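Fold and contact review
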Amino acid sequence: MRVDQQLIAEMIPAKARVLDVGSGDGTLIDYLYRTRGCDARGIEIDMQSVTQSVAHGLPVMHGDADHDLAHYPDDAFDYVVLQRTLQAVERPREVLRQMLRIGRHAIISFPNFGHWRLRLQLLTTGRMPMTSVWSTPWYSTPNIHPCTIRDFLALCEEDGYVVQQWLAVDEDGLKAPWRRSIRFANLFGEQALFLLSRG
Amino acid sequence: MDRSVSPSVEEGPVYTHQTMCLEEGMALECGAHLAPLEVAYCTYGTLSAARDNAILVCHALTGDQYLAEPNPLTGKPGWWSRMVGPGLPIDTDRFFVICPNVLGGCMGSTGPRSICAQTGKAWDSEFPPITMHDIVASQVRLVDYLGINRLFAVVGGSMGGMQALTWVADYPERVFAALPIATSPFHSAQNIAFNEVSRQAIFADPHWHDGHYRDFGAIPARGLGVARMMAHITYLSEEALSRKFGRRVRKEAATAVPAASSPSLFGEMFEVESYLRHQGSTFVRRFDANSYLTITRAMDYFDLAAEHDGDLSAPFGKCETRFCVVSFSSDWLFPTSQSRLLVRALNKAGANVSFVEIESDRGHDAFLLDEPDLDRTVRGFLNGAAEHAGLAKVEAL
């Protein structure tokens, strides 16, 4: 399991009802079911991953964040997880709204566009930055809604979500020492991880 | 195709199925009472001491109970013998598998060929209209008779999937897991339209005799054959037809067709035509026209949402059943969009749902064919559900 998935798992208590949006190969939901006794389900856009997950006995359905969350009833889950996907959805604000409608808590991770390397590249070369995290050119990237940690905090405030916990981590998911300062986290954190609840 | 074929006499088939006979019969949704009620069925594997490992497999429109053993009428392997058996995805080393012939069918369950107690004659076209609920109610009698309280799973493709959904809607506490494949929560207008053409082809046959063809020692073979030919097209896809037959012409066809009944213009057959004619002519040897009409009508009636003011999630509101919905990308008879509609309704109901659309160019029929992703999905879903149900592993049985 990736280190950032481990961090997510640590936020989720035993027996919780969890929906992992973008469940990939099902690692997180499998872990939550086996070690925490969670009722963990997945939604995944890649059909091969879906088949692989179901073939492993995991409850995963083919679908995506933009189109499938709307069909769940209010409070269907305790936690709704969105890993490294927010920047690639069509309507991030609506996806967040749906996550916090169907779940009491939302756990969101996304790559931070405020990282100093990106800022520096744009400043010095005048071209769209490319890094190991942001590795596709502007004309073919699926990441149509990049944001910074401060952007995300601003949206949470505007829409009245409570930030219960947040972390800035490096690409390998290791917690970084600057996590107490938003300003530093926004400059040095490559990935951000938020635990939100309704206001 | 040959009109003089009589469906059951010529080969002297040896039936290997069992039959449950319920003297008191059962009431149908239409108000009629069918007595006695007979359900013909085959079973595979062993029922566990706890009676918790039973899987009911529901067959499609023209299927029957010969799931995993040679069919006595056709001599061909059971219709899902590649899926059900020892070590196969529906593993009979682990599960007790039951496959009943549907109510209204013609392979031993009560249907149009059965004797009507009131008249002492075969029902034929007077057989009362039945619904998917009636078909499932007859299966409930069988499951009761076998002493099984909760089925571990109900599995079915196409119309078999309609039965699986009806099982959960009508008896949610009796189904732990449901696996509806290549199916829909309602029969679409297009599918009703196809069924209607099938029925009209049967009615137009001079041997139809208002459904009393057996009194005349005849069967509406041409009409039923045409119905099957057309239906068969809907089970495939343009891609599958192109790949299998293309525009190839069958050279020897001219001699295979009786000259008198076929003008030369239609004498030289394309391979696809020859294939369909073969499908039609073999079908009429094993299937009864009145059964075909009865069961297609039951499919047409099927619409789970309509019974709940248009809310498809309502029938699943109280179920704890685990679902795995499977569709095929090239299935235009029961397209993925209808499965997705079902999945979203199940999500709304809070049900535990897996949903896989399998990439295949073989159309609706794909569920019966060699599709490795289907095998993996069925095996994985059943194993996962068995773990949640606390079923013993194979070794422990």
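Residues numbered from 1 in each chain as written. Chains lettered and ligands numbered in written order. Predicted model: local features only at pLDDT ≥ 70, side-chain atom pairs only at ≥ 80, totals over all residues.

**Section: the overall build of chain B**
In terms of regular secondary structure, chain B is built from 10 helices and 12 strands. Here chain B has a C-alpha radius of gyration of 21 Å; the compact-globule value for 397 residues is 21 Å, and the two agree. Dimensions of chain B, computed from the C-alpha atoms along their principal axes, are close to 65 × 50 × 45 Å. Across the 397 residues that make up chain B, the buried fraction comes to 50%. (Helix = DSSP H or I, 4+ residues; strand = E, 2+ residues; numbered from the N terminus. Rg over C-alpha atoms; globule rule 2.2 N^0.38 Å. Buried ≥ 20, exposed ≤ 12 C-beta atoms within 10 Å, placed from the backbone.)

**A word on the overall build of chain A**
For chain A, the count of helices and strands is 8 helices and 7 strands. Relative to a compact globule of 199 residues, whose C-alpha radius of gyration would be 16 Å, chain A shows 16 Å and is just as compact. The buried share of chain A, reckoned over its 199 residues, is 45%. When contacts within chain A are restricted to residue pairs at least 6 apart in sequence, those whose partners lie at least 24 apart make up 62%. (Contact = placed C-beta atoms within 7 Å.)

**As for the UniProt feature "binding site: substrate" (unreviewed entry) in chain B**
Residues and elements named next belong to chain B. On the UniProt side, "binding site: substrate" (unreviewed entry) is annotated at positions that read Arg 228 and Asp 365 here. The annotated residues occupy 138 residues of the chain but converge on a single region, no pair of C-alpha atoms lying more than 13.8 Å apart. A count of 22 C-beta atoms within 10 Å places Arg 228 in the buried class. Apart from the residues lying within four places of it in its own chain, the contact partners of Arg 228 are Gln 279, Gly 280 and Phe 283. (UniProt positions renumbered as here; feature names shortened; annotations may be inferred.)

**What to know about the interface of chain A and chain B**
In many analyses, interface size is given as the accessible surface area lost on bringing the parts together. With 17 residues of chain A at the interface, the matching set in chain B holds 23 residues. Of all the elements in the fold, those that place two or more residues in the side of chain A that touches chain B are α3 (47-55) and β3 (60-62) of chain A. By residue number, the principal contributor to the side of chain A that touches chain B is α3 of chain A, which donates 5 residues.

**What to know about helix α9 (residues 336-348) of chain B**
When the terminal C-alpha atoms of α9 of chain B are compared, their 18 Å separation across 13 residues agrees well with the 18 Å that a helix rising 1.5 Å per residue should span. The buried fraction of α9 of chain B amounts to 10 of the 13 residues, a majority that puts the element mostly inside the structure. When α9 of chain B is considered as a whole, its buried residues turn out to be Thr 336, Gln 338, Ser 339, Arg 340, Leu 342, Val 343, Arg 344, Ala 345, Leu 346 and Asn 347 of chain B. For α9 of chain B, the secondary structure elements touched by its buried residues are β3 of chain A together with β11 (322-328) and β12 (352-358) of chain B. Downstream of α9 of chain B by one or two residues, Gly 350 of chain B has phi in the positive range, about 80°. (Expected span 1.5 Å × (residues − 1).)

**A look at helix α2 (residues 27-36) of chain A**
Residue and element names in this part refer to chain A. Looking only at α2, the buried set comprises Leu 28, Ile 29, Leu 32 and Tyr 33. Taken down its axis, α2 places every buried residue within 130° of arc, on the same side. More than 90 degrees from the buried face of α2, the exposed residues found are Arg 34 and Thr 35. Remark: Gly 37 follows α2 within two positions and exhibits a positive phi of approximately 65°. (Arc of directions from axis to C-beta.)

**Some thoughts on the pairing of strand β5 (residues 103-111) of chain A**
Residue and element names in this part refer to chain A. Burial within β5 is extensive, with 8 of its 9 residues counted as buried. Sheet topology note: the strand β4 (residues 77-83)/β5 ladder contains 6 bridges and is parallel. Residue pairing for β5: Tyr 79 is matched across the bridge by His 105. What joins β4 to β5 is helix α5 (residues 92-102), and the crossover it makes is right-handed. Across 7 bridges, the pairing between β5 and strand β7 (residues 191-197) is antiparallel. Opposite His 105, over in β7, you have Ser 197 as the bridge partner. (Pairing = 2+ DSSP bridges. Right-handed = clockwise from strand over helix to strand, strands pointing away.)

**Considering the domain arrangement of chain B**
All names here are of chain B. Entries for chain B in the domain assignment read domain 1 (18-190 + 306-396) and domain 2 (191-296). Each of domain 1 and domain 2 has a C-alpha centre, and these two points are 27 Å apart. The partner domain 2 presents 22 residues to the 28 residues of domain 1 that form the contact. Within the side of domain 1 that touches domain 2, the residues separate by chemical class into 11 nonpolar, 12 polar and 5 charged. (Domains from an automatic or database assignment. Nonpolar A, V, L, I, M, F, W, Y, C, P; charged D, E, K, R; others polar.)

**What to know about the packing of helix α3 (residues 189-203) of chain B against helix α8 (residues 289-301) of chain B**
Any two packed helices are characterised by the angle at which their axes cross and by the distance between the axes. Residue and element names in this part refer to chain B. Between α3 and α8, whose axes approach to 10 Å, the crossing angle comes to 160°. When the interaxial angle is binned, α3 and α8 end up roughly antiparallel. Judged by the twist between their axes, the crossing of α3 over α8 is left-handed. Residue-level inspection shows Ile 192, Asn 195, Ser 198, Arg 199 and Ile 202 of α3 in contact with α8, the latter providing Ala 289, Tyr 292, Leu 293, Thr 296, Met 299 and Asp 300. Here the contact of α3 with α8 is composed, by residue class, of 6 nonpolar, 3 polar and 2 charged. (Axes fitted to C-alpha atoms, helices over the stretch in contact; angles between N-to-C directions. Parallel < 35°, antiparallel > 145°, perpendicular 65-115°, else oblique. Left-handed = near helix turned anticlockwise from the far one by under 90°.)

**Quick word on unusual backbone geometry**
The peptide bond linking Ala 35 of chain B to Pro 36 of chain B adopts the cis configuration, its omega dihedral lying at -10°. For Pro 36 of chain B, the location among the structural elements is in the loop between β3 (33-34) and β4 (37-44). Its identity as a non-glycine residue notwithstanding, Lys 15 of chain A has a phi of 70°, on the positive side. Relative to the helices and strands, Lys 15 of chain A is located in the loop between α1 (3-11) and β1 (17-21).

**With respect to the confidence of the model for chain B**
All names here are of chain B. Confidence in the prediction of chain B, expressed as mean pLDDT, is 93, and 92% of residues score 70 or more. Confidence drops under pLDDT 50 across residues 1-9; counting only partners more than four residues distant or on other chains, this segment forms 21 contacts. Prediction confidence for the complex, expressed as pTM and ipTM, is 0.93 and 0.91 respectively. (pLDDT = per-residue confidence, 0-100.)

**Examining the packing of α3 of chain A against helix α10 (residues 372-389) of chain B**
Running from N to C, α3 of chain A and α10 of chain B point in directions that differ by 40°, and their axes come no closer than 7 Å. Taken as axis vectors, α3 of chain A and α10 of chain B run oblique relative to one another. Taken together, the residues of α10 of chain B that come into contact with α3 of chain A (itself represented by Thr 51, Val 54 and Ala 55 of chain A) are Asp 373, Arg 376, Thr 377, Arg 379, Gly 380 and Phe 381 of chain B. Per-class residue counts for the contact of α3 of chain A with α10 of chain B are 3 nonpolar, 3 polar and 3 charged.

**Structural notes on the nonpolar core**
All names here are of chain B. Ile 55 and Ala 153 are the most contacted members of the largest nonpolar core, which has 168 residues in total. Residues lining this core come from more than one domain, with at least three contributed by each of domain 1 (18-190 + 306-396) and domain 2 (191-296). Discounting chain neighbours no more than four positions away, the residues touching Ile 55 are Ile 90, Phe 95, Val 97, Leu 151, Phe 152, Ala 153 and Val 155. (Core = buried A, V, L, I, M, F, W, Y, C linked by C-beta atoms within 7 Å.)

**Description of the environment of Pro 180 of chain B**
Residue and element names in this part refer to chain B. Of note, Pro 180 is situated in strand β10 (residues 175-181). Looking at Pro 180, the number of C-beta atoms within 10 Å reads 30, which means it is buried. The sequence separation of Pro 180 and Met 159 amounts to 21 residues, and the corresponding C-alpha distance is 9.3 Å.

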